[in-house]
Amino acid sequence: VATTAKLPRADFLLTNAGRLVTCSRGFGEGLLGVIEYGAFAAAEGEIIWVGQEHYLRGSVEIAPDAVEIDAGGGAVLPGFVDCHTHLVFAGDRSEEFAARLRGSPYSAGGVAATVSATRAADDDELRALALQRLERFASFGVTTVEAKTGYGLTPHNERRLLEIACGLDHPVELVPTYMGAHVIPEQYAEEPDEYVAMVSEQIPDVAGQAEFCDVWCDRGAFTLEQSRRILEGAREAGMKLKVHAEQFKRTGGAQLAAELKATSADHLEHATWEDAQALAEAGVVAVLLPGASLMTASPFAPARMLIERGARVALSTDFNPGSSYTENLQLMVALACIHLKMTPEEAILGITRHAAAAVAREGKAGSLEPGAAADLVVLHETTELALAYHYGVNLAARVFKRGDEIV
Ligand code: ZN
């Protein structure tokens, strides 16, 4: 008697995707792994099968109460990953922005205004603001958001921001990053090393809760030596690393990220080809933030040079109140195509698989393949190219997190 192998049992089906853009290396055609007339099946929020719809019903057993989502012929992509945000803060810097338009230069000093407003806000206010922002991210198809502390700048306030971020009750997955080393607070301007020591002391306390430690290594922020001290301590405490590097001036942050095998080096507007080479060789993801260049009228990062040297490039909003106040990650695709000279395919990988790699979630988020979360965006359009071409509008028609419809 022949036995039939038991098929995996699906409780969620996505069907009728005109183009299923898997962003996976193992499926579909081209850089983005596109499957025409694609479908996938999931169980308990995780994808178990991906392929042409024609083969779906012979490949999985379908639970009687399975949910079936008809994409209506639209393009379907993995839920987008925003891998670099400063999510939790209070206060308004629209006046500072207007002053910049009248000619004042952008500098790291503006952070102090947000720090004062954030310290003055109570937990409920900060939580409500962060939840509104997550809701807006979700509306644009973002299902995973990295969130940095860094507007507290005292051990008490940094811990408070980290706990607020980790406690947010929202379906968007949050990746917590401790960034006590955002800027040197005003009261330590004369004794910056005392502040560095304070951050280093806090690291073992936050290491259980924050996945990443990030440092702004730049003119006006932390020196290379201070950044190294903090990041080495974080690595010893078991944290993964990120570095804000080479934004205003080349100070060596990218080489440090490569040397310490950081998960990502972010900004990189002033990175050189040697930096690109080092990042590529160390497997550090280059996170580029074209919104920050746009809104501060600063140079754009050398994306082509990074890609040509073999670095993986991710894109993010850099959501923050000083230099890039937007939750529209889709817009970064259009900006990357025009200002960073990236192809639409490279830019879409930048907000999906490569962004997932920048938060150490490659294969779990940012791609549609077995083992990944059933996070997806159905576009209003039939092609993913619309993300570059139909710019400045929201193309997300339906958004799902682990198989649950959230928008
Ligand atoms: Zn940033």
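This one's a predicted model, so the numbers in the text were calculated from it and none came from an experiment.

Chemist: In this structure, what is going on with the overall build of the protein? I would like to understand it.
Modeler: When helices and strands are counted, the protein shows 15 helices and 16 strands. What you see for the protein is a C-alpha radius of gyration of 21 Å, in line with the 22 Å of a compact globule of 407 residues. In terms of overall dimensions, the protein has C-alpha extents of about 80 × 40 × 40 Å along its principal axes. Within the protein, the fraction of its 407 residues that count as buried is 57%. A total accessible area of about 16,000 Å² is found for the protein, and carbon and sulfur atoms account for 51% of it.

Chemist: Would you take a moment to explain helix α4 (residues 123-139) for this structure?
Modeler: With 17 residues, α4 ought to run about 24 Å at 1.5 Å a step, and its terminal C-alpha atoms sit 24 Å apart, in line with that. Turning to α4, its buried residues number three or more, namely L126, A130, R133, L134, F137 and A138. Here the buried residues of α4 occupy an arc of 140 degrees about the axis, which is enough to place them on one side. Summarising the contacts, the buried residues of α4 are in contact with β6 (80-82), α3 (111-120), β7 (142-148), α5 (155-166), β8 (173-181) and β15 (396-401). Positive backbone phi, approximately 90 degrees, marks G141, located one or two places after α4.

Chemist: Explanation requested: empty space enclosed by the protein in the structure shown.
Modeler: Where empty space is left can be seen by rolling a probe of water-molecule size over the atoms. Going through the model one piece at a time under the given rule, you end up with two cavities of 30 Å³ or more. Of the pockets and cavities examined, the largest cavity occupies roughly 110 Å³. In this structure, the largest cavity is lined by 15 residues; those nearest its centre are Y106, H182, W216, N320 and S323. Partitioning the lining of the largest cavity into residue classes produces four nonpolar, nine polar and two charged. By volume, the second largest cavity is sized at about 30 Å³. Lining the second largest cavity are L153, T154, P155, E158, Y178, Y195, M198, V199 and Q202. For the lining of the second largest cavity, the secondary-structure elements that each account for two or more residues are α5 and α6 (192-206).

Chemist: Please explain the coordination of the zinc ion as it appears in this structure.
Modeler: Put simply, a metal with four donors set out as a tetrahedron has ideal angles of 109.5 degrees, and one with six donors set out as an octahedron has ideal angles of 90 or 180 degrees. Protein ligation of the zinc ion involves H84 (NE2), H86 (NE2), H244 (NE2) and D318 (OD), the donor distances falling in the range 2.0 to 2.6 Å. For the zinc ion, the four donor atoms in the first shell make angles of 79 to 162 degrees at the metal, so the coordination geometry reads as irregular. On the primary sequence, the residues serving as donors to the zinc ion are separated as H-x1-H-x157-H-x73-D. A residue pair is termed long-range when its members are at least 10 positions apart, and H86 in the loop between β6 and α2 (94-101) and D318 in the loop between β13 (313-315) and α12 (329-339) qualify at 232 residues.

Chemist: Before we go on, may I ask you to explain the nonpolar core in this structure?
Modeler: Note on soluble globular proteins: their nonpolar side chains tend to be buried together. Grouped together as the largest cluster of nonpolar side chains are 103 residues, with contacts concentrated most on L87 and L268. A total of six residues in this core trace back to one element, the largest contributor, which is α12. Ignoring anything within four residues of it in the chain, the contact list for L87 reads A130, R133, L134, F137, A147, K148, L168, L174 and F319. Core analysis: the next-biggest nonpolar cluster, separate from the first, contains 18 residues, L20, I35, A42 and L376 among them.

Chemist: Looking at this structure, I do not really get the packing of aromatic side chains. What am I missing?
Modeler: The relation between two aromatic rings is expressed through the spacing of the ring centres and the mutual angle of the planes. Throughout the structure, instances matching the rule amount to ten aromatic pairs. Measuring from ring centre to ring centre gives 5.9 Å for F12 and F400, while their planes differ by 70 degrees; the resulting arrangement is edge-to-face. With F12 in strand β1 (residues 9-21) and F400 in strand β15, this pair connects stretches of sequence that are 388 residues apart. There is no split in this pair, since F12 and F400 are both buried. Seen in terms of ring centroids, Y188 and Y195 are 5.5 Å apart; in terms of plane orientation they differ by 50 degrees. Their pairing is tilted. On the accessibility criterion, Y188 (18% relative accessible area) is buried.

What counts, and at which threshold
Residues numbered from 1 in each chain as written. Predicted model: local features only at pLDDT ≥ 70, side-chain atom pairs only at ≥ 80, totals over all residues. Heavy atoms only, no water. Helix = DSSP H or I, 4+ residues; strand = E, 2+ residues; numbered from the N terminus. Rg over C-alpha atoms; globule rule 2.2 N^0.38 Å. Buried < 20%, exposed > 50% of the residue type's maximum accessible area, 1.4 Å probe, protein only. Areas by Shrake-Rupley, 256 points an atom, 1.4 Å probe, with all protein chains shown as cover. Expected span 1.5 Å × (residues − 1). Arc of directions from axis to C-beta. Contact = heavy atoms within 4.5 Å. 1 Å grid on protein atoms, 1.4 Å probe; cavity = no way out; pocket = protein on both sides within 12 Å on 5 of 7 lines; lining within 4 Å. Points joined across faces, edges and corners; volume = space filled by probe spheres on them. Nonpolar A, V, L, I, M, F, W, Y, C, P; charged D, E, K, R; others polar. Donors = N, O, S within 2.8 Å, 3.2 Å for Na, K, Ca; no water. Tetrahedral: all angles 85-135°; square planar, octahedral: opposite > 155°, others 65-115°. Core = buried A, V, L, I, M, F, W, Y, C linked by side-chain atoms within 4.5 Å. Phe/Tyr/Trp six-rings, centres within 6.5 Å; stacked < 30°, edge-to-face > 60°.

Scope: geometric values only; no functional claims are made or implied.
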